[in-house]
Amino acid sequence: MSFGARPRAVLASLGTLGLALTAAASPASAADGTPTTPTQLFNGYRHCSTDADRPSYRWAGDGLVVEGIPGTTDPGGDSLVGVRYQVWPVSDPTRITTVTRDRVRTGFEAPVTLPASALADGQSYAWQARTVVGDAVSDWSAPCYVTIDNTRPANAPTITSPNYPPDVWNEGGEPVEFTLSAGGVDDVEGFAFSWQQDLPVIGTSIGEYGIPQPVDPYSDTKYFKRADALGGSATLRLVPPAGSGPMTLWVRSLDRAYNGSAVTSYRFNVGSTRPTVTPAVPEPEFGEPTRFTLRPDPGLQAKSPVVSYSVKTAGGQNDRTFEVAAAADGTATVELAMDGVYNQNVQVTSKSANGWVSDAAWWGISYDTTPTVASDVYPENGSGGGVGVPGTFTFTPKVKDVVSYTYTFNDGAPEVTVPAGADHTASIDWTPTTDGWHDLTVYATTRSGIRLAAYDYFFTVN
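The rules we used
Residues numbered from 1 in each chain as written. Predicted model: local features only at pLDDT ≥ 70, side-chain atom pairs only at ≥ 80, totals over all residues. Heavy atoms only, no water. Core = buried A, V, L, I, M, F, W, Y, C linked by side-chain atoms within 4.5 Å. Buried < 20%, exposed > 50% of the residue type's maximum accessible area, 1.4 Å probe, protein only. Helix = DSSP H or I, 4+ residues; strand = E, 2+ residues; numbered from the N terminus. Contact = heavy atoms within 4.5 Å. Disulfide = S-S within 2.5 Å. Polar contact = N/O pair within 3.5 Å; in protein donor to acceptor, adjacent residues only side chain to side chain.

> Just checking my understanding: could you explain the nonpolar core for this structure?
Core analysis: the largest hydrophobic core is formed by 65 residues, its most contacted members being Phe 178, Phe 268, Leu 294, Phe 393, Phe 395, Leu 440 and Phe 459. At four residues, the largest contribution of residues to this core is made by strand S31 (residues 402-409). Leaving out residues up to four positions away in the same chain, Leu 294 has contacts with Thr 276, Val 277, Tyr 309, Val 311, Val 324, Gly 330, Thr 331, Ala 332, Val 334 and Val 348. Grouped together as the second largest cluster of nonpolar side chains are 22 residues, Cys 48, Val 87, Tyr 125 and Ala 129 included.

See below:
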């Protein structure tokens with residue numbers, strides 16, 4: 001999200017709409033009804049503060065967008081009016097700067113930009129708005145108070161961790177405790193943090209009628225944390241995104257205007273906490289359901305019991321990822337059919353009661369599902385027979401439950417499928433019409449419809 005780009009784009013379109021309507025509309029003085037004081041006041045897309053002792057803090061290096069919704073007593077509520085804004089330093093109310101937005105629709109936000117030249121960094125200002133209809137004006141709104149802060153925090157924050165020091169391999173299983181400090185900057189309000197180097201930024205959505213929808217960024221505890229006091233510190237308890245290896249947390253400080261400091265990082269190492277994956281038999285047969293036992297890392301289980309596993313299969317006929325609950329001792333069982341025609345693997349991560357997710361354990365197996373091909377007349381990688389001399393080719397499976405074979409000669413002829421016999425083998429007769437090199441390609445199909453790996457049988461006809 002971008003704090004400036006989207007809101008300004010949306011509001012600019014509203015402004016363009018208002019200007020476009022001006023050419024065909026009556027002048028503002030022709031609007032019906034008495035002007036009413038603008039409502040829904042915002043500065044820099046954040047709520048205005050009417051408390052002089054608690055001003056809003058905003059960056060205004062390019063000026064400050066202020067806005068409000070003008071109105072009239074016209075029951076139709078669809079008039080073109082003007083809005084007048086004035087701003088002055090709290091320390092000198094006589095230095096008034098006035099900016100006017102002409103010909104805007106009632107009921108919609110009417111933004112203007114107070115010039116940067118009228119807003120000094122570090123100074124507090126008051127501003128207010130009134131609706132203008134010809135020579136008639138509404139009462140001024142109550143003043144909004146804002147302090148201009150164009151200066152980012154001078155120092156990056158400091159990061160420490162009492163349970164995951166940076167220069168050793170740490171045993172995983174517990175959330176990482178971090179202390180974020182302001183680095184001596186007294187106006188730091190909070191921190192933005194992430195396991196990714198690209199830190200999130202604070203955005204404001206624009207709602208109906210152009211009304212900004214600001215939210216407190218610190219309500220998003222995944223990425224933001226308010227300091228315990230202005231210029232103070234914050235503590236975090238975070239579960240790393242991956243179970244083991246080098247980890248980096250990226251952090252920047254935020255002042256009250258959400259200006260960000262330089263980014264700093266904390267790097268540390270976490271040892272493996274992966275579970276073990278054990279099949280009931282060392283080498284499960286192809287296609288046969290096999291029970292697998294999942295066991296937690298002992299150190300991990302001691303810190304916080306494993307409550308579930310995420311199981312992912314790859315290379316099989318119906319790969320999937322699913323969750324399985326763990327028993328009280330942290331173990332679980334799952335039944336899987338290994339039916340990858342070349343190979344298949346199972347990847348398993350555990351999740352502990354405290355939210356810790358382990359790195360993945362991996363178990364895999366390879367299969368040769370090609371059929372065996374044999375011929376007495378035309379031996380593999382040899383020569384025999386001759387043009388017009390028939391030969392028999394016998395197909396024998398390497399896996400169970402084969403019901404048919406599909407073959408073709410010389411990679412161009414149509415495929416032919418023949419059923420397997422009771423012993424799951426099949427034989428074909430073939431008579432060559434040309435001499436020289438030939439290729440027989442054949443694959444088997446199981447009762448469940450799995451097409452197994454193809455085998456190429458090369459031979460030469462005399």
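Read on for the rest.
> Help me understand unusual backbone geometry, please; the structure alone is not making it clear to me.
Glycine aside, negative phi is the norm for most residues, and most peptide bonds take the trans geometry. Of note in the backbone geometry, Tyr 45 takes a positive phi value of approximately 65° without being a glycine. Take Tyr 45: it is sitting in the loop between strand S1 (35-43) and strand S2 (46-47). A relative accessible area of 2% means that Tyr 45 is categorised as buried. Positioned with a positive phi, Asn 381 is a non-glycine residue whose angle comes to about 60°. Structurally, Asn 381 can be placed in the loop between strand S28 (372-374) and strand S29 (383-384).

> Hey, could you run me through the state of the cysteines in this one?
A disulfide bridge is the covalent bond that connects two cysteines by way of their sulfur atoms. All told, the structure shown has one disulfide when counted by the stated rule. Between the sulfur of Cys 48 and that of Cys 144 lies a disulfide, 2.4 Å long from S to S. Judged by the sign of its S-S torsion, about -60°, the cystine formed by Cys 48 and Cys 144 is left-handed. Placement of the pair is Cys 48 in the loop between S2 and strand S3 (56-58) and Cys 144 in strand S10 (residues 144-148), with a sequence separation of 96 residues. Side by side, Cys 48 and Cys 144 carry an identical accessibility label, which is buried.

> In this structure, what is going on with the environment of Tyr 85? I would like to understand it.
Considering the arrangement of structural elements, one finds Tyr 85 in strand S5 (residues 80-89). In this structure Tyr 85 comes out as buried when scored by relative accessible area, which is 0%. In this structure, the C-alpha to C-alpha distance between Tyr 85 and Thr 113, residues 28 residues apart in sequence, is 9.7 Å. Not counting the four nearest positions on each side in its chain, Tyr 85 is found in contact with Val 66, Glu 67, Gly 68, Thr 97, Thr 98, Val 99, Ala 110, Val 112, Trp 127, Gln 128 and Ala 129. Within the structure, the side chain of Tyr 85 is placed 3.1 Å from the backbone nitrogen of Gly 68, a separation counted as a polar contact. A polar atom in the side chain of Tyr 85 sits 2.4 Å from the backbone oxygen of Ala 110.

So yeah, pure geometry; function would need other evidence.
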